[in-house]
Amino acid sequence: MANVITDETIEYVGILAKLALSDEEKEQAKKDMGRMLDYIDRLGELDTAGVEPMFHVFPVQNVFREDVVTNGDEREKTLQNAPGAKDGMFVAPRTFD
Amino acid sequence: MDILAYSAVELSAAIREGSVTAVEAMEAVLARIDEKERVLNAYVTIDRERALKAAAAAQEKIEKGELTGPLAGVPAAVKDNLCTEGMRTTCSSKILENFVPAFSAEAVVNLEKAGAVLIGKTNMDEFAMGSTTETSAWGVTRNPQNTDHVPGGSSGGSAAAVAAGECFFALGSDTGGSIRQPASFCGVVGLKPTYGTVSRYGLIAYASSLDQIGPLTRNVADCAAVLEAAASHDPKDSTSIDRKRVGEDTDFTAALQDDVTGMRIGIPRDYFGEGLDSEVRSAVLAAAEVLAAKGAVVEEFDLSLVSYAIPAYYTIAAAEASSNLERFDGIKYGHRAAAYEGLHDMYKKTRSEGFGAEVKRRIMLGAFVLSSGCYDACYLKALKVKAMIKKAFDEAFAMYDLILGPVAPTTAPRLGESLSDPLKMYLGDIYTVAVNLAGLPAVSLPCEVDAKGLPVGLQLIADSFQEKKLIRAAYTYEQAHHKEMR
Amino acid sequence: MAKQYETAIGLEVHVELATKTKIFCGCSTAFGGAPNTHTCPVCTGMPGALPVLNRQVVNYAVAVGLATNCTIARHCRFDRKNYFYPDNPQNYQISQLYLPICKNGHVDIETPDGTKSVGIHEIHMEEDAGKLIHDAGEDCSLVDYNRSGVPLIEIVSEPDMRSAQEVIAYLEKLRMMIQYLGASDCKLNEGSMRADVNLSVREAGAEELGTRTEMKNLNSFRAITRAIACERARQIALIESGQQVTQETRRWDDAREESCAMRSKEDAQDYRYFPDPDLAPVFVSDAWLAQIRDSQPEFRGEKMARYRQEYAIPEYDIGIITDSKPLADLFEATVAICGQPKKVSNWLMGETLRLLKEKGMDPEDIVFSPANLAKLIGLVDSGAVNTTVAKEVFEAMFAGDIDPEIYVEEKGLRMVSDEGALRNKAEEVVAANPQSVTDYRNGKERAIGFLVGQTMKAMKGKADPGMVNRVLRDLLDEM
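Residues numbered from 1 in each chain as written. Chains lettered and ligands numbered in written order. Predicted model: local features only at pLDDT ≥ 70, side-chain atom pairs only at ≥ 80, totals over all residues.

I'd like a description of the interface of chain A and chain C, backed by residues and values.
Counting residues at the interface gives 34 residues for chain A, matched by 40 residues for chain C. For the side of chain A that touches chain C, the secondary-structure elements that each account for two or more residues are α1 (7-17), β1 (64-65), α3 (75-79) and β3 (89-93) of chain A. Here the side of chain A that touches chain C takes five residues from β3(A), the largest share from any one element. Within the side of chain A that touches chain C, the residues separate by chemical class into 16 nonpolar, eight polar and ten charged. (Contact = placed C-beta atoms within 7 Å. Helix = DSSP H or I, 4+ residues; strand = E, 2+ residues; numbered from the N terminus. Nonpolar A, V, L, I, M, F, W, Y, C, P; charged D, E, K, R; others polar.)

Here it is as structure tokens:
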């Protein structure tokens, strides 16, 4: 296996993706990710010099809305699924020091 | 006549003629669900009360002459990643266990406007990540053709419900084959439209640049009718395409013609190489002969880059998914961990509890391929390969009207057989993912059944916006094949 | 001898654009409003919701780019900046990294050493975040997404500034230009203009820039000035003690007059930017660019030239009035109604500036309307109120945009023009002050002044002093 995923990498990816993995899951993730990256490395076989990355498959551009207010007060709908709400706001864990 | 024996379009005609009511049709479907669902588990949510009420309302409108379309009064199912106002929408994930959207997906709105009546939400691989419907948080769905086998995925619930008569048609979504492959495994028709044809507004995104909503139906005529109703140019979706502006309208039912005379069909040799099951191979080649007999010009050709589509696809899909699924954080909706210490611990616990193994695998891979050390070598490289794949298709469609091949290398695997080796499961997408990368339309049609009694699917691929060619060829094949079967 | 250090400062200025709606949805951008009442599925990151770009955001961004001498990118697109925080409902911010809309501009500022050019590295469009409110009672944060999705442009300068004075001059110049464009009201106190300061120090004469820090949470020019002084001192102290400056983001605490590092171990600082697949790229055609260029408003220099031609007001007044777009707008709108430039200018240069200074307000905070100022001028012209009363009415207008005509009536401030009533009062005053009458007769002109004052007092100020003077003289001469 060309791609060896270290504990540090898995830790780092866990921070980026906000996932806490058990030791067992970490070991499995190292294996899975290593295999997938080996597989992705096959793309390196292709000469892509001069090829522009294709972000959108069709050349659609300039899709706009006009600057007109179309939405009213939708607070009730906004909050209807909130795990926690107070005073018309979402409740989140403390963010202030 | 048995109500459940009608196709969607036939049923609507019968309702409009007055020989059946929309409520009777809904009752028949609910009775079938009662009979089958315990084993199949095709649905995540069934709302009987709402379904019967909506059926009665549709019936009233039909009687008043307000609803006249070909889907008026027809009971339909919708994949659980399409938002339905007031009806729980979970993406088959624990993280959205109790999520009730405040709006419906544009495709659902369009179908309801056309008079279709919503039964409920169909099971799927969690967040559409999988090929078997086994990664659902709500249990596996079984293949109605053989309940020891998977229905395919990720729109496995939709395919199974259509195949089992638990609905008259269903909507699915297709990011790398998720409509076509389960349609193939369950023996129904499934079409993935050109990217931008059906609005993605209200589709809970897996990979935004590849996702496209499409119909799963009992036959080609239903497929055309459902696509016609679902498609729209939606100003709420920046990637929605005004097909009229590109010179292509959406009157797909006009393409239901039994005629392929002179149509040029290419068969990529690379689609028939190593790894393809011999029964699938012979069934698909037999189907090509049927079309040839009807006057199509069929020949083999070399479509390059076939084996690079999967790594490119998984890189792009995982990258987009890692970002799209960041919004599931326990603050605005969905699951939140019960106990945590501080903000970031809440995020991690919530997401670790809420997401299943396959989703975690893909979002970790996605975060990695977008990270600073890997962006150019992985993500941009994959987008360059995507451009090359698109070019290869452009060259093919300069020669052919359609490309013909299998949908999947095998028929439906047994339950539990695929999950043990994710990479092997990914390889099963080899004939479908390139279509999504290139934004093309493609249809999966039932052709034969294998020795185990499992359906084999035939895939037809057309150039962008050429759904009508697909429908014409599919309809022609279906007519000939039916005649043959009789 | 102690080493000499040079400070290099670059600014990241966020400006909230004056659009009616948010950047990607049809929610109102109006300031205030109960929490989450200006929200929808798009700006709260609901599953399945999709963004659609507000055309006006591009118009404003290009307009600011042209005003700051930038090259306008014909092709640009939006990227996702991925990071988890509760004020960011999608946990990615839609911004521009790879292809920003404007690049390579400059803004000229006046310094004691003459005109200096500050380079603009780029200007990009992005969405604002929601607001977090600390709930002390339950020890949690509350999230309001009313500001989430409000359009911003971020103007990133080169590290060309060397002092707090240059920074303030640059910010004032930017603010004036953007206000002139109508692209933003640029209110620092409401957060519609915010500046992050990137600062590094190096030994005088050194080629390479030192390691920089980024300072956030600077809500006033005063805070910016103090933060620059503190951060410069902090970095020099680190270097002098042989330590290294760490590249980091710091948060300014204005009450404590100190800053602290914001980084936590959960912030990987790896934003995984990639082009947002939900948004189409933007192409600014020649025609569109020309259209924006043609509709650029008159800038200050042009405005000053026009004022000299059109209005007979002093050069000094022109300088002050055109220095602020809100003031200039107010001036022009009032003149358009009453046609008296000099009088309007007097009100702005006098009472308006005095009250602004007294109350610590900026011209953009002015609440009275041009129509009401014109009415007040009309009241003075017609003799309905005298200047003393007019100043009193103006103070009320300044505080709450009252209609001066109604105010004058309600408060009974209208001057008495009934000569009979005035004459009666004057007779009473004359009768009560025989000594003054005698003095007047003896040629002491000052005596008339006393009698005028007494009569004005008896009239409770509601009389024209000129008329009082005339009536008194008539009376005395008749006697």
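Can you explain unusual backbone geometry? Please cite residues and give values.
A cis amide bond links G153(B) to the next residue, S154(B), at an omega of 10 degrees. Note that S154(B) resides in the loop between β3 (117-122) and α5 (156-163). At S92(B), a position not held by glycine, the phi torsion is positive, near 50 degrees. Among the structural elements, S92(B) can be located in the loop between β2 (75-79) and α4 (106-113). Of note in this structure, N69(C) is not a glycine but carries a positive phi near 60 degrees. Mapping N69(C) onto the fold places it in the loop between α1 (55-67) and β3 (71-72).

Give a description of the sheet that holds strand β5 (residues 79-82) of chain C that names residues and reports values.
Residues and elements named next belong to chain C. Judged by pairing direction, the sheet is antiparallel, and its three strands sit side by side in the order β6-β5-β16 without closing on themselves. Looking at which strands have only one partner, the edges of the open sheet turn out to be β6 (92-95) and β16 (274-275). Relative to β16, β5 runs antiparallel, the two sharing two bridges. Looking at the pairing, D79 lines up with P275 of β16. (Pairing = 2+ DSSP bridges.)

For the interface of chain B and chain A, give the residues involved together with the corresponding values.
In this complex, chain B contributes 53 residues to the contact, which on the side of chain A involves 36 residues. When residues in the side of chain B that touches chain A are grouped by element, the largest group, eleven residues, is from helix α12 (residues 375-399) of chain B. When its residues are assigned to classes, the side of chain B that touches chain A shows 31 nonpolar, eleven polar and eleven charged.

Give me the packing of helix α6 (residues 315-322) of chain C against helix α8 (residues 341-359) of chain C: which residues, what numbers.
All names here are of chain C. The geometry of α6 relative to α8 is characterised by a closest axis approach of 11 Å and an angle of 65 degrees between their N-to-C directions. Considered as vectors, α6 and α8 are oriented roughly perpendicular to each other. The chirality of how α6 crosses α8 is left-handed. Taken together, the residues of α8 that come into contact with α6 (itself represented by D317, I320 and I321) are S345, L348 and M349. For the contact of α6 with α8, a count of residues per class yields four nonpolar, one polar and one charged. (Axes fitted to C-alpha atoms, helices over the stretch in contact; angles between N-to-C directions. Parallel < 35°, antiparallel > 145°, perpendicular 65-115°, else oblique. Left-handed = near helix turned anticlockwise from the far one by under 90°.)

Hey, could you go over the sheet that holds β2(B) for me, with residue numbers and the actual values?
All names here are of chain B. Sheet architecture is open: eleven strands sit in the order β1-β3-β2-β4-β6-β5-β10-β11-β9-β7-β8, paired in mixed fashion. Unpaired on one side and paired on the other, β1 (43-46) and β8 (297-301) mark the two borders of the sheet. In this sheet, adjacent strand axes meet at a mean angle of 30 degrees when their direction is disregarded. Strand direction decides the pairing type here: strand β9 (residues 402-406) and strand β11 (residues 455-462), joined by five bridges, are antiparallel. Bridged to P406 within β11 is L458.

These results come straight from atomic positions and should not be treated as a statement about function.
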